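Fold and geometry: a report
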Amino acid sequence: MLALKNLAENTTIFSRSVRLMGTDFNFDLVTDNAVWALQRIESAVNEINRIEKLLSTFNEESSINLINRNAGIAPVKVDAETFKLIDRAIQISALTYGSFDIAYGIPASKEHEGTVVTKTRTLKKKISLTNYTNIELDQAKQTVFLKNTNMRISLSALARGYAADKAKVTLQMEDVSSGVINISGDLLTWGLQPDGSAWTIAAANSTKANEIYSHVEISNMAVVTSVNPDLVANRAVINAESGFPVSAIKSISIISPTAELSGAMTGPMFGMGINTGLYLVNKLNQIACIAVDDHERVYTSKHIKL
(Lines give C-alpha, C1' and ligand atoms only; values in the text may rest on other atoms or scores of the structure.)
Protein backbone atom coordinates (compact mmCIF):
# COMPACT_ATOMS: atom_id res chain seq x y z
CA MET A 1 0.00 0.00 0.00
CA LEU A 2 1.39 3.42 -1.02
CA ALA A 3 0.33 6.82 0.29
CA LEU A 4 1.60 10.34 -0.21
CA LYS A 5 3.61 11.46 2.81
CA ASN A 6 3.13 14.87 4.49
CA LEU A 7 0.43 16.09 2.10
CA ALA A 8 -1.85 16.77 5.08
CA GLU A 9 0.51 19.57 6.14
CA ASN A 10 -1.11 21.87 3.59
CA THR A 11 -0.69 25.34 5.06
CA THR A 12 0.56 26.47 1.65
CA ILE A 13 -1.17 23.87 -0.50
CA PHE A 14 -4.48 24.52 -2.24
CA SER A 15 -6.56 21.43 -3.04
CA ARG A 16 -9.53 20.80 -5.27
CA SER A 17 -11.17 17.54 -6.34
CA VAL A 18 -13.00 17.22 -9.68
CA ARG A 19 -14.84 14.24 -11.20
CA LEU A 20 -13.35 13.70 -14.67
CA MET A 21 -13.17 10.76 -17.09
CA GLY A 22 -15.26 8.68 -14.68
CA THR A 23 -12.87 9.07 -11.74
CA ASP A 24 -11.71 11.60 -9.15
CA PHE A 25 -8.87 13.95 -10.05
CA ASN A 26 -7.49 15.75 -7.00
CA PHE A 27 -5.24 18.75 -7.62
CA ASP A 28 -2.84 19.91 -4.88
CA LEU A 29 -0.98 23.08 -5.85
CA VAL A 30 1.74 24.68 -3.75
CA THR A 31 0.37 28.19 -3.28
CA ASP A 32 -1.43 30.32 -0.70
CA ASN A 33 -3.47 32.15 -3.36
CA ALA A 34 -6.77 30.28 -3.65
CA VAL A 35 -8.21 32.43 -6.47
CA TRP A 36 -5.09 32.03 -8.59
CA ALA A 37 -5.03 28.26 -7.89
CA LEU A 38 -8.68 27.83 -8.92
CA GLN A 39 -7.97 29.55 -12.25
CA ARG A 40 -4.98 27.28 -12.90
CA ILE A 41 -6.96 24.16 -12.02
CA GLU A 42 -9.75 25.26 -14.35
CA SER A 43 -7.20 25.30 -17.19
CA ALA A 44 -6.07 21.78 -16.25
CA VAL A 45 -9.69 20.56 -16.14
CA ASN A 46 -10.34 22.00 -19.61
CA GLU A 47 -7.27 20.16 -20.93
CA ILE A 48 -8.43 16.86 -19.43
CA ASN A 49 -11.89 17.33 -20.97
CA ARG A 50 -10.23 17.99 -24.33
CA ILE A 51 -8.23 14.76 -24.08
CA GLU A 52 -11.32 12.77 -23.12
CA LYS A 53 -13.19 14.07 -26.17
CA LEU A 54 -10.18 13.40 -28.40
CA LEU A 55 -9.73 9.77 -27.35
CA SER A 56 -13.20 8.62 -26.33
CA THR A 57 -14.99 5.94 -28.34
CA PHE A 58 -18.24 7.57 -27.21
CA ASN A 59 -17.42 10.55 -29.40
CA GLU A 60 -18.56 9.56 -32.89
CA GLU A 61 -16.31 12.17 -34.46
CA SER A 62 -13.12 11.07 -32.69
CA SER A 63 -10.15 9.77 -34.65
CA ILE A 64 -10.37 6.46 -32.78
CA ASN A 65 -13.92 5.83 -33.99
CA LEU A 66 -12.97 6.85 -37.52
CA ILE A 67 -10.07 4.36 -37.46
CA ASN A 68 -12.35 1.62 -36.16
CA ARG A 69 -15.05 2.28 -38.75
CA ASN A 70 -12.46 1.91 -41.51
CA ALA A 71 -10.92 -1.31 -40.19
CA GLY A 72 -9.96 -3.54 -43.10
CA ILE A 73 -11.12 -0.86 -45.55
CA ALA A 74 -8.67 2.03 -45.72
CA PRO A 75 -5.98 3.91 -43.75
CA VAL A 76 -7.23 6.95 -41.83
CA LYS A 77 -5.29 10.21 -41.52
CA VAL A 78 -5.40 11.39 -37.92
CA ASP A 79 -4.20 14.37 -35.91
CA ALA A 80 -0.56 14.34 -34.79
CA GLU A 81 -1.45 13.93 -31.09
CA THR A 82 -3.50 10.78 -31.62
CA PHE A 83 -0.96 9.34 -34.04
CA LYS A 84 1.91 9.77 -31.57
CA LEU A 85 -0.12 8.22 -28.75
CA ILE A 86 -0.96 5.15 -30.86
CA ASP A 87 2.69 4.91 -31.89
CA ARG A 88 3.80 4.94 -28.25
CA ALA A 89 1.16 2.33 -27.39
CA ILE A 90 2.55 0.01 -30.06
CA GLN A 91 6.06 0.55 -28.69
CA ILE A 92 4.85 -0.47 -25.23
CA SER A 93 3.20 -3.55 -26.76
CA ALA A 94 6.50 -4.54 -28.36
CA LEU A 95 8.36 -3.85 -25.11
CA THR A 96 6.00 -6.11 -23.14
CA TYR A 97 5.87 -8.82 -25.83
CA GLY A 98 2.21 -8.12 -26.49
CA SER A 99 1.08 -8.20 -22.85
CA PHE A 100 -0.08 -4.62 -23.37
CA ASP A 101 -2.28 -4.28 -26.44
CA ILE A 102 -4.73 -1.59 -27.54
CA ALA A 103 -6.21 -3.90 -30.21
CA TYR A 104 -9.26 -6.10 -29.70
CA GLY A 105 -11.77 -7.97 -31.85
CA ILE A 106 -15.52 -7.71 -32.23
CA PRO A 107 -17.68 -10.85 -32.71
CA ALA A 108 -17.87 -12.15 -36.28
CA SER A 109 -20.84 -13.96 -37.80
CA LYS A 110 -22.03 -16.93 -35.72
CA GLU A 111 -23.10 -18.93 -38.74
CA HIS A 112 -21.84 -22.56 -38.61
CA GLU A 113 -19.83 -21.80 -35.48
CA GLY A 114 -20.66 -25.22 -34.04
CA THR A 115 -18.17 -27.15 -36.20
CA VAL A 116 -14.71 -27.95 -34.86
CA VAL A 117 -13.03 -26.55 -37.97
CA THR A 118 -14.94 -23.28 -37.71
CA LYS A 119 -14.17 -22.94 -34.00
CA THR A 120 -10.45 -23.43 -34.70
CA ARG A 121 -10.50 -20.86 -37.48
CA THR A 122 -12.45 -18.44 -35.28
CA LEU A 123 -9.87 -18.76 -32.49
CA LYS A 124 -6.97 -18.14 -34.87
CA LYS A 125 -8.79 -15.14 -36.33
CA LYS A 126 -9.51 -13.76 -32.86
CA ILE A 127 -5.82 -13.96 -31.98
CA SER A 128 -4.90 -12.05 -35.14
CA LEU A 129 -7.53 -9.41 -34.47
CA THR A 130 -6.14 -8.61 -31.04
CA ASN A 131 -2.55 -8.49 -32.21
CA TYR A 132 -0.98 -5.04 -32.15
CA THR A 133 1.23 -6.00 -35.12
CA ASN A 134 -1.85 -5.66 -37.31
CA ILE A 135 -2.02 -1.94 -36.62
CA GLU A 136 -0.26 -0.32 -39.57
CA LEU A 137 1.17 3.18 -39.15
CA ASP A 138 2.43 5.39 -41.96
CA GLN A 139 4.69 8.05 -40.45
CA ALA A 140 4.95 10.09 -43.64
CA LYS A 141 1.19 10.23 -44.29
CA GLN A 142 0.26 10.16 -40.58
CA THR A 143 -2.30 7.41 -41.16
CA VAL A 144 -3.49 4.45 -39.09
CA PHE A 145 -4.85 1.27 -40.67
CA LEU A 146 -6.35 -1.78 -38.96
CA LYS A 147 -5.67 -4.71 -41.28
CA ASN A 148 -8.68 -6.82 -40.26
CA THR A 149 -12.33 -5.87 -40.71
CA ASN A 150 -13.40 -7.00 -37.23
CA MET A 151 -10.43 -5.40 -35.50
CA ARG A 152 -10.78 -2.39 -33.20
CA ILE A 153 -8.52 -0.29 -30.96
CA SER A 154 -9.10 1.51 -27.67
CA LEU A 155 -6.80 3.93 -25.88
CA SER A 156 -8.68 3.69 -22.57
CA ALA A 157 -5.67 2.06 -20.87
CA LEU A 158 -3.61 5.18 -21.62
CA ALA A 159 -6.21 7.94 -21.60
CA ARG A 160 -6.31 8.91 -17.91
CA GLY A 161 -2.54 8.82 -17.50
CA TYR A 162 -2.02 10.81 -20.67
CA ALA A 163 -4.67 13.33 -19.61
CA ALA A 164 -2.93 13.77 -16.24
CA ASP A 165 0.41 14.31 -17.99
CA LYS A 166 -1.12 16.97 -20.24
CA ALA A 167 -2.81 18.64 -17.26
CA LYS A 168 0.56 18.78 -15.49
CA VAL A 169 2.15 20.45 -18.53
CA THR A 170 -0.74 22.95 -18.65
CA LEU A 171 -0.23 23.83 -14.98
CA GLN A 172 3.52 24.19 -15.43
CA MET A 173 3.00 26.50 -18.43
CA GLU A 174 0.82 28.67 -16.19
CA ASP A 175 3.66 28.98 -13.66
CA VAL A 176 2.56 26.35 -11.15
CA SER A 177 6.01 25.33 -9.96
CA SER A 178 5.01 22.51 -7.59
CA GLY A 179 2.07 20.22 -7.15
CA VAL A 180 0.48 16.79 -7.19
CA ILE A 181 -2.29 15.35 -9.33
CA ASN A 182 -3.94 12.41 -7.59
CA ILE A 183 -6.07 10.20 -9.85
CA SER A 184 -7.92 7.91 -7.43
CA GLY A 185 -4.67 7.04 -5.66
CA ASP A 186 -2.30 7.25 -8.63
CA LEU A 187 0.11 10.16 -8.26
CA LEU A 188 1.81 12.59 -10.63
CA THR A 189 4.16 15.12 -9.02
CA TRP A 190 6.44 17.99 -9.93
CA GLY A 191 8.55 20.46 -7.98
CA LEU A 192 8.92 20.25 -4.19
CA GLN A 193 6.83 20.37 -1.05
CA PRO A 194 6.35 23.75 0.71
CA ASP A 195 9.27 23.02 3.05
CA GLY A 196 11.58 22.40 0.10
CA SER A 197 11.71 18.61 0.51
CA ALA A 198 10.88 16.09 -2.19
CA TRP A 199 7.41 14.66 -2.62
CA THR A 200 7.52 11.27 -0.93
CA ILE A 201 5.32 8.17 -0.77
CA ALA A 202 5.12 5.97 2.27
CA ALA A 203 5.08 2.21 1.67
CA ALA A 204 2.86 0.57 4.28
CA ASN A 205 2.57 -3.00 5.54
CA SER A 206 -0.92 -4.11 4.45
CA THR A 207 -1.09 -6.74 7.23
CA LYS A 208 -0.34 -4.23 10.03
CA ALA A 209 -2.42 -1.09 10.23
CA ASN A 210 -0.49 2.20 10.04
CA GLU A 211 2.91 0.47 9.98
CA ILE A 212 5.26 2.20 7.54
CA TYR A 213 8.34 0.31 6.46
CA SER A 214 9.87 2.67 3.92
CA HIS A 215 9.65 5.99 2.08
CA VAL A 216 10.37 6.62 -1.60
CA GLU A 217 10.99 10.06 -3.15
CA ILE A 218 8.81 10.65 -6.22
CA SER A 219 9.30 14.32 -7.13
CA ASN A 220 8.86 14.82 -10.89
CA MET A 221 7.65 11.23 -11.27
CA ALA A 222 4.38 9.35 -11.62
CA VAL A 223 3.31 6.41 -9.46
CA VAL A 224 0.51 4.09 -10.56
CA THR A 225 -0.63 1.16 -8.42
CA SER A 226 -2.85 -1.72 -9.52
CA VAL A 227 -4.30 -4.60 -7.50
CA ASN A 228 -4.61 -8.08 -9.00
CA PRO A 229 -8.34 -8.81 -9.37
CA ASP A 230 -7.71 -12.57 -9.57
CA LEU A 231 -6.16 -12.62 -6.11
CA VAL A 232 -8.95 -10.48 -4.70
CA ALA A 233 -11.42 -13.07 -6.03
CA ASN A 234 -9.26 -15.95 -4.75
CA ARG A 235 -8.67 -17.30 -8.26
CA ALA A 236 -5.45 -18.91 -9.44
CA VAL A 237 -3.30 -16.69 -11.66
CA ILE A 238 -2.64 -18.56 -14.92
CA ASN A 239 -0.25 -17.68 -17.73
CA ALA A 240 -2.39 -17.48 -20.87
CA GLU A 241 0.29 -19.03 -23.09
CA SER A 242 1.64 -21.86 -20.91
CA GLY A 243 -1.48 -22.65 -18.94
CA PHE A 244 0.56 -22.86 -15.71
CA PRO A 245 0.30 -20.65 -12.62
CA VAL A 246 2.60 -17.64 -12.53
CA SER A 247 4.14 -15.82 -9.58
CA ALA A 248 1.15 -14.35 -7.79
CA ILE A 249 1.46 -10.56 -7.74
CA LYS A 250 -1.05 -9.03 -5.34
CA SER A 251 -0.25 -5.43 -6.22
CA ILE A 252 2.20 -3.63 -8.42
CA SER A 253 3.34 0.01 -8.31
CA ILE A 254 5.18 1.46 -11.29
CA ILE A 255 7.24 4.64 -10.96
CA SER A 256 8.26 6.48 -14.13
CA PRO A 257 8.44 10.05 -15.49
CA THR A 258 4.88 9.93 -16.92
CA ALA A 259 1.49 8.71 -15.72
CA GLU A 260 0.91 7.36 -19.23
CA LEU A 261 3.85 4.95 -19.06
CA SER A 262 3.31 3.99 -15.42
CA GLY A 263 -0.35 3.19 -16.10
CA ALA A 264 0.43 1.16 -19.20
CA MET A 265 3.06 -0.97 -17.49
CA THR A 266 1.05 -2.15 -14.47
CA GLY A 267 -1.28 -4.51 -16.37
CA PRO A 268 1.43 -6.47 -18.24
CA MET A 269 3.29 -7.11 -14.98
CA PHE A 270 0.47 -9.30 -13.66
CA GLY A 271 0.60 -11.56 -16.70
CA MET A 272 4.39 -11.78 -16.79
CA GLY A 273 4.81 -12.61 -13.11
CA ILE A 274 7.28 -11.19 -10.61
CA ASN A 275 10.54 -12.62 -11.99
CA THR A 276 9.90 -11.81 -15.64
CA GLY A 277 8.36 -8.44 -14.80
CA LEU A 278 11.30 -7.37 -12.64
CA TYR A 279 13.75 -8.58 -15.30
CA LEU A 280 12.02 -6.35 -17.86
CA VAL A 281 11.90 -3.29 -15.60
CA ASN A 282 15.54 -3.70 -14.61
CA LYS A 283 16.56 -3.43 -18.27
CA LEU A 284 14.86 -0.05 -18.66
CA ASN A 285 15.93 3.46 -17.71
CA GLN A 286 13.89 5.85 -15.53
CA ILE A 287 11.37 3.24 -14.47
CA ALA A 288 11.06 1.27 -11.24
CA CYS A 289 8.54 -0.97 -9.54
CA ILE A 290 7.42 -2.28 -6.17
CA ALA A 291 5.53 -5.60 -6.19
CA VAL A 292 3.76 -7.43 -3.37
CA ASP A 293 2.84 -11.12 -3.68
CA ASP A 294 0.00 -13.08 -2.09
CA HIS A 295 2.20 -13.83 0.95
CA GLU A 296 2.82 -10.09 1.53
CA ARG A 297 6.43 -10.40 0.39
CA VAL A 298 7.78 -7.21 -1.17
CA TYR A 299 9.92 -7.22 -4.32
CA THR A 300 11.55 -4.19 -5.89
CA SER A 301 13.41 -3.37 -9.06
CA LYS A 302 17.09 -2.45 -8.83
CA HIS A 303 16.25 1.27 -8.84
CA ILE A 304 14.33 1.05 -5.54
CA LYS A 305 15.93 0.76 -2.12
CA LEU A 306 13.50 0.06 0.74
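Provided above is the structure to which this section pertains.
Analysis parameters
Residues numbered from 1 in each chain as written. Predicted model: local features only at pLDDT ≥ 70, side-chain atom pairs only at ≥ 80, totals over all residues. Heavy atoms only, no water. Helix = DSSP H or I, 4+ residues; strand = E, 2+ residues; numbered from the N terminus. Contact = heavy atoms within 4.5 Å. Polar contact = N/O pair within 3.5 Å; in protein donor to acceptor, adjacent residues only side chain to side chain. Axes fitted to C-alpha atoms, helices over the stretch in contact; angles between N-to-C directions. Parallel < 35°, antiparallel > 145°, perpendicular 65-115°, else oblique. Nonpolar A, V, L, I, M, F, W, Y, C, P; charged D, E, K, R; others polar. Buried < 20%, exposed > 50% of the residue type's maximum accessible area, 1.4 Å probe, protein only. Core = buried A, V, L, I, M, F, W, Y, C linked by side-chain atoms within 4.5 Å. Pairing = 2+ DSSP bridges. Expected span 1.5 Å × (residues − 1).

**A look at the overall build of the protein chain**
- Looking only at helices and strands, one finds seven helices and 16 strands in the protein chain.
- Across the protein chain, contacts joining residues at least 24 apart in sequence account for 59% of those joining residues at least 6 apart.

**Considerations on the side chain of Ser256**
- Checked against the element boundaries, Ser256 lands in strand S14 (residues 249-256).
- Among the polar contacts made by the side chain of Ser256, one reaches the main-chain carbonyl oxygen of Thr258 at a distance of 2.9 Å.
- Separated by 2.8 Å, the side chains of Ser256 and Ser262 make a polar contact.
- When neighbours within four sequence positions are excluded, Ser256 is seen to be in contact with Met221, Ala222, Leu261, Ser262, Gln286 and Ile287.

**A word on the packing of helix H1 (residues 34-55) against helix H3 (residues 80-95)**
- The geometry of H1 relative to H3 is characterised by a closest axis approach of 11 Å and an angle of 75 degrees between their N-to-C directions. With respect to H3, the element H1 is oriented roughly perpendicular. Only Glu81, Thr82 and Leu85 of H3 make contact with H1, whose side of the interface consists of Arg50, Ile51, Leu54 and Leu55.
- By residue class, the composition of the contact of H1 with H3 is four nonpolar, one polar and two charged.

**Observations concerning the side chain of Ser301**
- Here Ser301 lies in the segment after strand S16 (298-300).
- Only 3.0 Å separates the side chain of Ser301 from the backbone nitrogen of Cys289, close enough to count as a polar contact.
- In this view, Ser301 contacts Leu278, Val281, Asn282, Ala288 and Cys289; residues no more than four positions away in its chain are not counted.

**Notes on unusual backbone geometry**
- Even without a glycine there, the phi angle at Met21 is positive, about 55 degrees.
- Residue position: Met21 is located in the loop between strand S2 (13-20) and strand S3 (23-30).
- A residue is classified by how much of its surface remains accessible, and Met21, at 12% relative accessible area, is buried.
- In this structure, Ser184 is a non-glycine residue whose phi angle is positive, near 50 degrees.
- Considering the arrangement of structural elements, one finds Ser184 in the loop between strand S9 (179-183) and strand S10 (186-190).

**Here we look at the nonpolar core**
- The biggest cluster of nonpolar side chains holds 66 residues, and the ones touching the most others in it are Phe25, Phe27, Ile86, Ile135, Ile153 and Ile181.
- Ranked by the residues each element gives to this core, the list is headed by helix H7 (residues 259-282), at ten residues.
- Beyond its immediate stretch of four places on either side in the chain, Ile153 contacts Ile64, Ile67, Asn68, Ile86, Ile102, Ala103, Tyr104, Ile135 and Leu146.
- Of all hydrophobic cores here, the second largest spans twelve residues; its members include Ile13, Val180, Leu187 and Val216.

**Section: the sheet that holds S3**
- Taken in spatial order, the eight strands of this open sheet run S2-S3-S9-S10-S13-S14-S15-S16, and their pairing is antiparallel. Whereas interior strands pair on both sides, the edge strands pair on one side only; in this sheet they are S2 and S16. Across the sheet, the mean angle from the axis of one strand to that of its neighbour is 15 degrees, orientation sign disregarded.
- In the sheet, S14 pairs with strand S15 (residues 288-293) via six bridges, with the strands oriented antiparallel. Looking across to S15, one finds that Ile249 is bridged to Asp293.

**Points about the environment of Ser156**
- Assignment of secondary structure puts Ser156 in helix H5 (residues 156-173).
- Ser156 sits in the exposed class, given a relative accessible area of 58%.
- Each C-alpha atom, one on Ser156 and one on Ser56, is 7.7 Å from the other, the two residues being 100 residues apart in sequence.

**Observations concerning H5**
- For H5, spanning 18 residues, the distance from its first C-alpha to its last is 26 Å, which sits close to the expected 26 Å at 1.5 Å a residue.
- The complete set of buried residues in H5 reads Leu158, Ala159, Gly161, Tyr162, Ala163, Ala164, Asp165, Ala167, Lys168, Thr170 and Leu171.
- Of the surrounding secondary structure, the elements contacted by the buried residues of H5 are S3, H1, H3, S9, S10 and H7.
- One or two steps after H5, the chain reaches Asp175, where phi turns positive at roughly 70 degrees.

**A look at the sheet that holds strand S7 (residues 143-146)**
- Across the sheet, three strands lie side by side as S4-S7-S6; this open sheet has antiparallel pairing. Each edge of the sheet is formed by a strand with only one pairing partner; in this case those strands are strand S4 (76-77) and strand S6 (135-138).
- With four bridges joining them, S6 and S7 adopt antiparallel strand pairing. From the neighbouring strand, Glu136 faces S7, where its bridge partner is Phe145.
- The sheet strands contacting H3 are S6 and S7, and the helix crosses S6 at an angle near 130 degrees.

**Looking at the packing of H3 against H7**
- One can describe the packing of H3 onto H7 by two numbers: an axis separation of 10 Å at closest approach and a directional angle of 5 degrees. One way to sum up the angle between H3 and H7 is to call them roughly parallel. Only Glu260, Leu261, Ala264, Met265 and Leu280 of H7 make contact with H3, whose side of the interface consists of Leu85, Arg88, Ile92 and Leu95.
- For the contact of H3 with H7, the per-class residue count stands at seven nonpolar, no polar and two charged.

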